Amino acid sequence: MAAKDYLQEKGISYTEKNIQTSPEARKELMSMGHMGVPVIIIDGEEIVGFDKSRMEQLLN
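Structural notes, computed from the coordinates. (Residues numbered from 1 in each chain as written. Predicted model: local features only at pLDDT ≥ 70, side-chain atom pairs only at ≥ 80, totals over all residues. Heavy atoms only, no water.)

Inspection of the secondary structure assignment puts Thr21 in the loop between helix H1 (2-10) and helix H2 (23-31). Spatially, the C-alpha atoms of Thr21 and Val37 are 14 Å apart, while their sequence positions differ by 16 residues. (Helix = DSSP H or I, 4+ residues; strand = E, 2+ residues; numbered from the N terminus.)

Quick look at the structure:
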């Protein structure tokens, strides 16, 4: 929720993929080698977990 709140506060659009309701999203996450969420991808860079400083760095 923190990542979604942060992106909404900044007015940044995003695509949410819910692994609880979408088997395709779950398979995609696992194929990337991740087991936890959130995984945030900005310009091809993967961020595992809510890392505000890394997100700000990639968004600027």
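On to the pattern of salt bridges, then. Across all of its chains, the model carries three salt bridges by this definition. Lys4 is the partner of Glu16 in a salt bridge, and the nearest nitrogen-oxygen pair spans 3.4 Å. Taken together, the positions of Glu16 in the loop between H1 and H2 and Lys4 in helix H1 put the pair twelve residues apart, joining distant regions of the chain. For Lys4, a relative accessible area of 25% puts it in the partly exposed group. Of the charged contacts, one joins Lys17 and Glu28 as a salt bridge, the two residues approaching to 2.9 Å between their closest N and O atoms. Within this pair, whereas Lys17 is found in the loop between H1 and H2, its partner Glu28 is found in helix H2, the two being separated by eleven residues in sequence. (Salt bridge = Lys/Arg side-chain N within 4 Å of Asp/Glu carboxyl O. Buried < 20%, exposed > 50% of the residue type's maximum accessible area, 1.4 Å probe, protein only.)

Relative to the assigned elements, Lys10 resides in helix H1. Lys10 gets classed as partly exposed once you look at its relative accessible area, which sits at 49%. Linking Lys10 and Lys27, residues 17 residues apart in sequence, is a C-alpha distance of 29 Å.

Residue Pro38 follows Val37 across a cis peptide bond; omega there is 0°. Within the element layout of this structure, Pro38 appears in the loop between H2 and strand S1 (39-42). Despite not being glycine, Asp43 shows a phi value in the positive range, around 50°. Structurally, Asp43 can be placed in the loop between S1 and strand S2 (45-48).

Two strands pair when backbone bridges link them, and S1 and S2 are joined in this way by four bridges, in the antiparallel orientation. Note on S2: the bridge partner recorded for Ile42 is Glu45. Joining the antiparallel neighbours S1 and S2 is a turn of two residues, in which Asp43 adopts a positive phi near 50°. (Pairing = 2+ DSSP bridges.)

In short, geometric facts, not functional conclusions.
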